[in-house]
Structure formats: C-alpha cells, structure tokens
Amino acid sequence: VSHRTESRRTKCEYTDDKLCSNASHKRTEQSTKMLKNNTYLSMMTGSRLNRSVLFVLLSFPLFIYYYCQRLSSQSVNGMHSVQDMSKYHYLNSTGSTRNRYSGQLSSSSGCLNRNLAKDNVTLPNVLLIGVQKSGTSSLASWMRRVGICMSEVQPGEPSHYEKEAHYFDYFNTIGKKRKYDFDHSKIYARRFAHCCTGQSKTKSEILAMDATPATVLFPKSVRITFDSVDPTGELAKRAKFMIILREPISRELSFYNHYAYECRKKVQSAHMDTSGHNDTKSIKCSAKLWDSKMRRVKTFSEFMEDNTLINSRFAPEPDPLGRSSWRNMNRGLYADFLREWFELFDREQILVLSQEELVSDEGSFLNRVHSFLGLDSSIGNFHLKQVNAKDDGNKVKEVLCSDQEKLDQIFDPLNEDLYRLLEENSGPPMEQRPFQKFVKRNCTVEDG
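A brief look at the structure comes next. (Residues numbered from 1 in each chain as written. Predicted model: local features only at pLDDT ≥ 70, side-chain atom pairs only at ≥ 80, totals over all residues. Heavy atoms only, no water.)

**Examining unusual backbone geometry**
Put simply, the rule is: Helix and strand assignments come from DSSP, with helices taken as H or I runs of at least 4 residues and strands as E runs of at least 2, each series counted from the N terminus. Exposure classes here rest on a 1.4 Å probe applied to the protein chains alone. A residue is buried below 20% of its type maximum, exposed above 50%, and partly exposed in between.
Looking along the chain, the bond that leaves Gly 130 and enters Val 131 is cis, with omega of -5°. Position of Val 131 relative to the elements: it lies in the loop between β1 (126-130) and α5 (136-145). A cis amide bond, omega 0°, links Arg 433 with the succeeding residue Pro 434. Along the chain, Pro 434 falls in the loop between α15 (401-424) and β8 (443-444). The phi dihedral of Asn 120 is positive, around 55°, even though this residue is not glycine. Residue placement: Asn 120 occurs in the loop between α4 (95-98) and β1. The class for Asn 120 is partly exposed, based on a relative accessible area of 41%.

**Focus: the pairing of strand β3 (residues 240-245)**
For clarity, the threshold we go by: For two strands to count as paired, DSSP must find a minimum of two bridges between them.
The buried count for β3 comes to 6 of 6 residues, which makes it a mostly enclosed element. Burial of the side chains of β3 extends over both faces: Lys 240, Met 242 and Ile 244 are buried on one face and Phe 241, Ile 243 and Leu 245 on the other. As paired elements, β1 and β3 share 4 bridges and run parallel to each other. Within the sheet, the bridge partner assigned to Val 126 lies in β3 and is Lys 240. Pairing between β3 and strand β6 (residues 350-354): 5 bridges, direction parallel. From the neighbouring strand, Phe 241 faces β6, where its bridge partner is Ile 350.

**Considering the packing of aromatic side chains**
Selection rule: Two aromatic rings, drawn from Phe, Tyr or Trp (for Trp, its six-membered ring), form a pair once their centres lie within 6.5 Å of each other, and the interplanar angle then sorts them: stacked below 30 degrees, edge-to-face above 60, tilted otherwise. We call a charge positioned over a ring when the NZ of a Lys or the CZ of an Arg lies within 6 Å of the ring centre and within 35 degrees of the ring normal.
Applying the stated criterion across every chain, the model contains 15 aromatic pairs. With a centroid separation of 6.0 Å and an interplanar angle of 55°, the aromatic rings of Tyr 334 and Phe 438 are classed as tilted. Here Tyr 334 is found in helix α12 (residues 334-344), whereas its partner Phe 438 is found in the loop between α15 and β8, with 104 residues between them in sequence. Note on Phe 438: relative accessible area 12%, which makes it buried. One aromatic cluster in this structure is built from Phe 255, Tyr 256, Tyr 259, Phe 300 and Phe 303. A cation over an aromatic ring shows up here: Lys 118 above the ring of Phe 182, its NZ or CZ 5.1 Å from the ring centre. A cation sits over an aromatic face here: Arg 223 above Phe 345, 5.4 Å from the ring centre.

**Notes on the nonpolar core**
Inclusion rule: For the purposes of this section, nonpolar cores are sets of buried Ala, Val, Leu, Ile, Met, Phe, Trp, Tyr and Cys residues that join through side-chain atoms within 4.5 Å. Residue contacts follow a heavy-atom distance rule, with two residues in contact if any of their heavy atoms lie within 4.5 Å.
Within the largest apolar cluster, 53 residues are counted, with the highest numbers of intra-cluster contacts made by Phe 241, Leu 245, Leu 338 and Leu 418. Only β1, α7 (182-190), α8 (219-229), α9 (234-237), β3, α12, β6 and α15 provide two or more residues apiece to this core. In terms of residue count, the dominant contributor to this core is α12 (7 residues). In this structure, Leu 245 is in contact with Ser 134, Tyr 334, Leu 338, Val 352, Leu 353, Ser 354, Gln 355, Leu 418, Phe 435 and Phe 438, ignoring residues within four places of it in sequence.

**Digging into the state of the cysteines**
Here is the rule we go by: For this text, the term disulfide refers to a pair of cysteine sulfurs within 2.5 Å.
The final tally for this structure, using the stated rule, is 3 disulfides. Disulfide partner of Cys 111: Cys 196, at an S-S distance of 1.9 Å. Where Cys 111 bonds to Cys 196 through sulfur, the torsion about that S-S bond is close to -85°, and the disulfide is left-handed. Of the two residues, Cys 111 sits in the loop between α4 and β1 while Cys 196 sits in the loop between α7 and β2 (209-210), which places them 85 residues apart along the sequence.

**A few points about the pattern of salt bridges**
We apply this condition: By convention in these notes, a salt bridge is any Lys or Arg side-chain nitrogen within 4 Å of a carboxyl oxygen on Asp or Glu.
Per the counting criterion, the structure on display carries 19 salt bridges. For Asp 306, the salt bridge identified is with Lys 298, shortest N-O distance 3.0 Å. Asp 306 gets classed as partly exposed once you look at its relative accessible area, which sits at 39%. Asp 412 is the partner of Lys 440 in a salt bridge, and the nearest nitrogen-oxygen pair spans 3.0 Å.

**Some remarks on the environment of Glu 302**
With respect to the element layout, Glu 302 can be found in helix α11 (residues 300-308). Glu 302 sits 101 residues away from Asp 403 along the chain, and the two C-alpha atoms are 10.0 Å apart.

**Details of the sheet that holds β6**
Strand order in this open sheet of 4 strands is β2-β1-β3-β6, and the pairing throughout is parallel. Only two strands of the sheet have a single neighbouring strand rather than two, namely β2 and β6.

**Re the side chain of Asn 125**
Inclusion rule: Within 3.5 Å is the distance limit for a polar contact, defined as a pair of N or O atoms, with the added protein rule that one can donate a hydrogen and the other accept it, and that residues adjacent in sequence qualify only through two side-chain atoms.
The topology assignment puts Asn 125 in the loop between α4 and β1. Exposure remark for Asn 125: the relative accessible area of 4% places this residue in the buried category. Separated by 3.1 Å, the side chain of Asn 125 and the backbone oxygen of Ile 206 make a polar contact.

**Quick notes on the pairing of β1**
For β1, the tally of buried residues reaches 5 of 5 residues, placing the bulk of the element in the interior. Where β1 meets β2, 2 bridges bridge the pair, whose relative direction is parallel. Within the sheet, the bridge partner assigned to Leu 127 lies in β2 and is Asp 210.

**Topic: the side chain of Arg 331**
To keep it simple, the criterion reads: Counted as positive: Lys and Arg. Counted as negative: Asp and Glu. His and the chain ends are not counted at all.
If you trace the backbone, Arg 331 turns up in the loop between α11 and α12. Despite being buried, Arg 331 has no salt bridge partner; Asp 169 is the closest side chain of opposite charge, sitting 6.7 Å away.

**Details of the packing of helix α10 (residues 248-268) against α11**
Filter applied, for reference: Inter-axis angles, ranging from 0 to 180 degrees, are taken between N-to-C directions of lines fitted to C-alpha atoms, where helices are fitted over the stretch in contact. Each angle is binned into one of four classes, with values under 35 degrees roughly parallel, values over 145 roughly antiparallel, values of 65 to 115 roughly perpendicular, and all other values oblique. For any helix crossing, the convention is left-handed if the near helix is rotated counterclockwise from the far helix by under a right angle, and right-handed if that rotation is clockwise. We call Asp, Glu, Lys and Arg charged. Ala, Val, Leu, Ile, Met, Phe, Trp, Tyr, Cys and Pro are nonpolar, and the rest, Gly among them, are polar.
Where α10 meets α11, the axes come as close as 11 Å, and the angle between the chain directions of the two elements is 110°. If you check the angle between α10 and α11, you find them roughly perpendicular. The interaxial crossing formed by α10 with α11 has right-handed handedness. Of the residues in α11, those in contact with Glu 252, Leu 253, Phe 255 and Tyr 256 of α10 are Phe 300, Phe 303 and Thr 308. Of the residues that constitute the contact of α10 with α11, the class distribution is 5 nonpolar, 1 polar and 1 charged.

This is the structure we're talking about:
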C-alpha cells in the first residue's frame, strides 16, 4: 500500500512540476493570442459550434489544474489510511495482494528469511497449528528425525517445548495483556536462532517448525507477530502452515483420555494422609477433568456436559493488542477456525491434512507433507511413530450412544460446513481433494 501511495505521490509531483504548469502556461498563452486576433474570434463566434470549441479551449488549463489537485489529495488520503491501519496490518492482507508474492524461499532472503526481518530475527517458517490429539506429535517427531529444526528449550522448561514453543497461547493462559509487538516477537524468535548456526544445508533450505497445537486458536496473533518483524508482510507470505483434522467426537474422547490419565497419575502420586488414603486436597488437575466436590476424575459424560457442549459455539479471537483471557471454543469447530486463517493468509500457504489418511495410508499422508515443504527425496523412507499413547487400564474406548447422539447434533452440521469450505477454497496442489469425510466410531449402550 505504501509503495503504491509513494508511486502515486511521485506521479502527482511530476505532474505538478511538468505537465500541469507547462500545459497551463501553453494553453493560456494560446488563448491570449486568439483573443487578440479579432478576425479569428469573430469567425469562432459566428456559430454555436464555434462557440463550443472556444469554450473548450479556454477551459482546458483550468481542467488540468483541478485534475492535478485531486490526484494530490488522493495521495495524501492514501498516506493517512496506511497510518491508521498500521496497528492492524494483518487486516489489510487481501487475496489479490497476497497472490503477487511467491511462497517459495529464495537464497537472497537468507536463513529463515531473516534478511526480510528487523534486526535479522529468525521466526519459524513452518507452523503445525493443530489440532490437538490428531497426530501432531507423531508428525512433529517425524519432522524432527528428517532434520527440520525445532524450538530451543529454555532453562526451566519441560522437554516438550522443543516441539511446541507455546508462545501464542502463553499470553492467553497467564491472563496478562498481550503485546505481540516487535520486542515480544524477538523473544519468540530467539528460540529458533540456533537453526541458522552450524547447518550443512544452504541457508535457503533450512526449515524451522513450531508445532504448538493450540496455535489454531490465534490466527490474528500469528499474523501480527510476523508483521511486527516485517511490516511489508513479505515474511508472513513465505510461512507455511499445516493442520491435521480428526473426526471431532474421536478427538474429543482422545483429549479426555489424555488428561484423565494425567489427572489419575497425580492422584496416585499424592501424599498419603495418616489414615492411609490419598490426600486429594493437594491435587491440581484441570478443572475440566476434576470433580472438586466428589474429589475424583470426571466421567466422559460429565466432561462432555461441562465442556464440549458449552463451548460448541463460535467465539471470536480476542484482540491481540488488548487484554483478554483464553479463547473458550471447542477445537472441533474446524470450519470456523479455517475461515479465519484463510482470511489472513493465502490459501496455498495452508495444507489441510486428514488424520484418517494418516492412519489408513501413511505413505500418501507423508508424501503430501514432503511435497508441501519441498523436502529432500532421500528422506522418504522415514515412517511415523506412535507417540503420546497413554493407557493405565482406565482408558475409555467408546462413548455412550446417548452421548454420541448429543454430539452428533453439534458436529454433523459443522462437518458438512467444513467439507463445503474446503471444496470452495482449494488449497495447495498436493492437498487431498475432495477432503476425506470423517468416519464415525462405534458407540456403546449404557448398562441396564
């Protein structure tokens, strides 16, 4: 926008200096000569047609003057518009503007495109944005094994911060005012600075990835972070995003089992009181899973009623520049999330993957990732490994049929919305098309 404004301003200044003044001077001089020539003037005024011609000739310098003034005014207004919208640069990324840029890396942009960034900071150029419990850990593990650089774990952080930096959801969790400005972006960028040292690859081939699955909740925060590092928007246009979608009810059950397992571990490791029972008062489990009154882990039915059904409506992302809390919105509302991402980034930057294809046809799944990221052909023999699978014997295998009926009422229309959205907005050429429809899992009937 600023480039076009500058171009328009330059054109206007040139017009004022050269065309406007010269044309005005010449036409005025000619008109004066004609007025002095009484014979010619009488011929021109002899008919209605000649009078019209005379009017045009005399008015032309005035027309040039007002035209130049108007062009100059539009240029100034354009400058004001850029200044007013600079705080929300991510909202100015229309499709037509984004498509003017190539999504490919270039050697001139340096390692992780840092030549485009302020102070040469290094943001990741690949983000696996979600969704949780859909195979993101397996894919991230595979990508690390084939040589993609991951986040550097900071002192005091758990080891899984190598996979997921938790930058965009961290500010939401602590409930403080989020500042996705350049100073805070440098904190995020420091996690990937090591990716550009001691690498055998050429600088333009290096890929660095953040695989925080909660990132799907915060597309505006991602966009404004990239734009704070590179206000031209070019750095954001070179990023690549991947998202794995899973049948929503299966994902919900997997989410429940994962955190119920963690909660039971805390119960088992709690200090024993004098009567020989676990001291459940000191247990710190997620409120989503822990029944504080009964002092036990909730059943899936209770979890569904207290969380899934309540958070099944769209909730807009909080203002990245304001004070806000966590975005309470179920991760299974895929179409709603994707629309936000499609508005802020070019569609071909976003690869939508199917968890069911990951399970049923791992080769095709990995080929899509391989092609999307432009990985070396020599790494094709690597296979996914199942990670993050936890079972202490209490894992819920199937949901109750009565619960599934309630969930179907929510997710069936949402799934159809997703299929339409992906059909109407085609992605990169290697993406599955049409998107593989979800297969529902079996349910179980209540006892008695």
